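Okay, here's what each chain looks like letter by letter:
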Amino acid sequence: MLPDIEKKYTEEEYMRTPEPYVMYLRSLEKFFDFSIVDSFADLGCSSGRLIEHMKAKYPHVEVFGFEYFEWAKKHADQSIKDYIHLGDLSKPLNHT
């Protein structure tokens with residue numbers, strides 16, 4: 001049985017500061033050469049801060065964010081909202 005995710009994560013507890021995502025991107029850069037990467041996906045992307053920083057630093061990279069909560073996408077920067085898709089990864093994805 002899945003946990004009640006609506007109770008576990010709330011909009012009030014949502015992290016809005018960009019610093020952790022900048023540090024996360026720096027950590028990823030130690031392992032990946034993003035100058036040769038074509039695409040990047042962030043599953044559970046929240047408001048898309050990581051893909052926002054990725055797109056700003058590596059504009060050639062096609063970014064994709066996947067998030068469960070509509071309120072997280074609501075807080076995303078306008079420049080990347082279209083890259084964030086909503087859905088539940090505990091259920092099969094429809095590929096049609």
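You'll find the structure just up there.
Here the structure is a predicted model, which means the values were calculated and not measured. (Residues numbered from 1 in each chain as written. Predicted model: local features only at pLDDT ≥ 70, side-chain atom pairs only at ≥ 80, totals over all residues. Heavy atoms only, no water.)

### Notes on the pattern of salt bridges
So, point 1. In this structure the tally under the stated criterion is two salt bridges.
So, point 2. Salt-bridge contacts for glutamate 29 lead to lysine 57; the nearest nitrogen and oxygen are separated by 2.9 Å. With glutamate 29 in helix H2 (residues 19-29) and lysine 57 in helix H3 (residues 49-57), this pair connects stretches of sequence that are 28 residues apart.
So, point 3. With relative accessibility at 22%, the residue glutamate 29 sits in the partly exposed group.
So, point 4. Between aspartate 88 and lysine 91 there is a salt bridge, with its nearest N and O atoms 3.2 Å apart.
So, point 5. By relative accessible area, which is 23% here, aspartate 88 ends up partly exposed. (Salt bridge = Lys/Arg side-chain N within 4 Å of Asp/Glu carboxyl O. Helix = DSSP H or I, 4+ residues; strand = E, 2+ residues; numbered from the N terminus. Buried < 20%, exposed > 50% of the residue type's maximum accessible area, 1.4 Å probe, protein only.)

### Details of the environment of leucine 89
So, point 1. By the secondary structure assignment, leucine 89 is in the segment after strand E3 (84-86).
So, point 2. Each C-alpha atom, one on leucine 89 and one on tyrosine 68, is 7.8 Å from the other, the two residues being 21 residues apart in sequence.
So, point 3. In this structure leucine 89 touches Leu43 and Phe66, once residues within four positions along its chain are discounted. (Contact = heavy atoms within 4.5 Å.)

### Here's the deal with the pairing of strand E1 (residues 39-43)
So, point 1. Only one face of E1 is covered, namely the face carrying Phe40 and Asp42; the face carrying Ser39, Ala41 and Leu43 is uncovered.
So, point 2. Direction of pairing for E1 relative to strand E2 (residues 62-67): parallel, over a ladder of five bridges. When the sheet's bridge partners are listed, alanine 41 is paired in E2 with phenylalanine 64.
So, point 3. Read from E1 through H3 to E2, the crossover connection turns out right-handed. (Pairing = 2+ DSSP bridges. Right-handed = clockwise from strand over helix to strand, strands pointing away.)

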